[in-house]
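# Fold and geometry: a report
The primary structure of each chain is shown beneath.
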Amino acid sequence: MESLKIQDFKTFMELQAIQQFTNGNITNTHSSRSIFQDMLSELVSGDSLEGTSQTLGSLLTNVETEARNILQSSNLTSINPIATAHTNHETSESGTNYDEIISKAATLYNLPEKLIKSVIKQESNFDPNATSYAGATGLMQIMPATARSLGVDDLTDPEQNIMGGSKYLSQMMARYDGDIQIALAAYNAGPGNVDKYNGIPPFKETQNYVQKVYGTFSS
């Protein structure tokens, strides 16, 4: 046959892509280059191209195997040279990517910045997409009904969530005369339970919550 089939060209391009990738990203590529060069020799040698598809398929398998071995020895898990960009918010105690929003909320609602960060740390570990089994969502884990009363439209939006959660926390602070621990208990269990028990409710979850958040805030 006088020309390669379309599938043969496709296979050839796949081989070339793998060869380029291993050349550009792996330092020990002698074996891969050698296999690729052998493939080229096979294609240009002889009077007939009969059996080219089988030759390409065999060589492609060899190159892929060699590339995979090199990648594994280099602690890489993919032979895809294109990495998808992904913006990931800070998930540590510092909440660096949210500092500006937290500062704005602290000023607006007269709260310590560290208290807001401590609540976020305990509620979601700075994950804006966190959702609890009860339906609380976002950085400060706001319930949908509470969100509506706070004017929050998108609970996964970091600014709306932090501003809404801080507003609610400030309401609890005002309600309980600035007592941080009681306000935290109300934030977790609701003011109805705090009023019912005249203080931190006897719920293990709420008691642990207050202890952890206040401990982080006080440290």
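Values in this document were obtained by computation on a predicted structure and should not be read as measured data. (Residues numbered from 1 in each chain as written. Predicted model: local features only at pLDDT ≥ 70, side-chain atom pairs only at ≥ 80, totals over all residues. Heavy atoms only, no water.)

## As for the nonpolar core
Ranked by internal contacts, the top residues of the largest apolar core, which has 38 residues, are Ile116, Val119, Ile120, Ile162, Leu184 and Tyr187. Counting residues per element, the ones that place at least two in this core are α4 (99-109), α5 (113-124), α6 (144-150), α7 (158-175), α8 (180-189) and α10 (204-218). If you tally residues by element for this core, the top one is α8, at seven residues. The contact partners of Tyr187, leaving out residues within four places of it in the chain, are Val119, Glu123, Met140, Ile142, Gly165, Tyr168, Leu169, Met172 and Tyr209. (Core = buried A, V, L, I, M, F, W, Y, C linked by side-chain atoms within 4.5 Å. Buried < 20%, exposed > 50% of the residue type's maximum accessible area, 1.4 Å probe, protein only. Helix = DSSP H or I, 4+ residues; strand = E, 2+ residues; numbered from the N terminus. Contact = heavy atoms within 4.5 Å.)

## Quick word on the side chain of Ser170
When you line up the elements, Ser170 lands in helix α7. Residue contacts for Ser170: discarding those within four places in its chain leaves Tyr109 and Leu111.

## Brief notes about the packing of aromatic side chains
The tally for this structure, following the rule as stated, stands at three aromatic pairs. With 5.7 Å between their ring centres and 85 degrees between their planes, Tyr197 and Phe203 make a pair best called edge-to-face. (Phe/Tyr/Trp six-rings, centres within 6.5 Å; stacked < 30°, edge-to-face > 60°.)

## Concerning α5
Note on helix geometry: an α-helix contains 3.6 residues per turn, so any two residues three or four positions apart are oriented the same way. Its 12 residues place the ends of α5 16 Å apart at the C-alpha level, agreeing with the 16 Å of an ideal helix rising 1.5 Å per residue. Of the residues one or two after α5, Asn125 is the one with positive phi, at around 55 degrees. (Expected span 1.5 Å × (residues − 1).)

## Some points on unusual backbone geometry
In the Ramachandran plot, Asp177 falls in the positive-phi region, its phi being about 55 degrees despite a non-glycine side chain. Mapped onto the elements, Asp177 comes out in the loop between α7 and α8. One non-glycine residue, Asn198, adopts positive backbone phi at about 55 degrees. Here Asn198 shows up in the loop between α9 (191-197) and α10. Of the residues examined, Asn198 reaches a relative accessible area of 74% and is grouped as exposed.

## Thoughts on the pattern of salt bridges
Under the definition given, this model contains three salt bridges. One salt bridge in this structure joins Asp99 and Lys117, with 2.9 Å as the shortest N-O distance. With Asp99 in helix α4 and Lys117 in helix α5, this residue pair connects regions lying 18 residues apart in the sequence. Using a relative accessible area of 28% as the deciding quantity, one classes Asp99 as partly exposed. For the salt bridge of Asp195 with Arg175, the shortest nitrogen-to-oxygen distance reads 2.5 Å. Note that Asp195 is positioned in helix α9 and Arg175 in helix α7, a separation of 20 residues in sequence. (Salt bridge = Lys/Arg side-chain N within 4 Å of Asp/Glu carboxyl O.)

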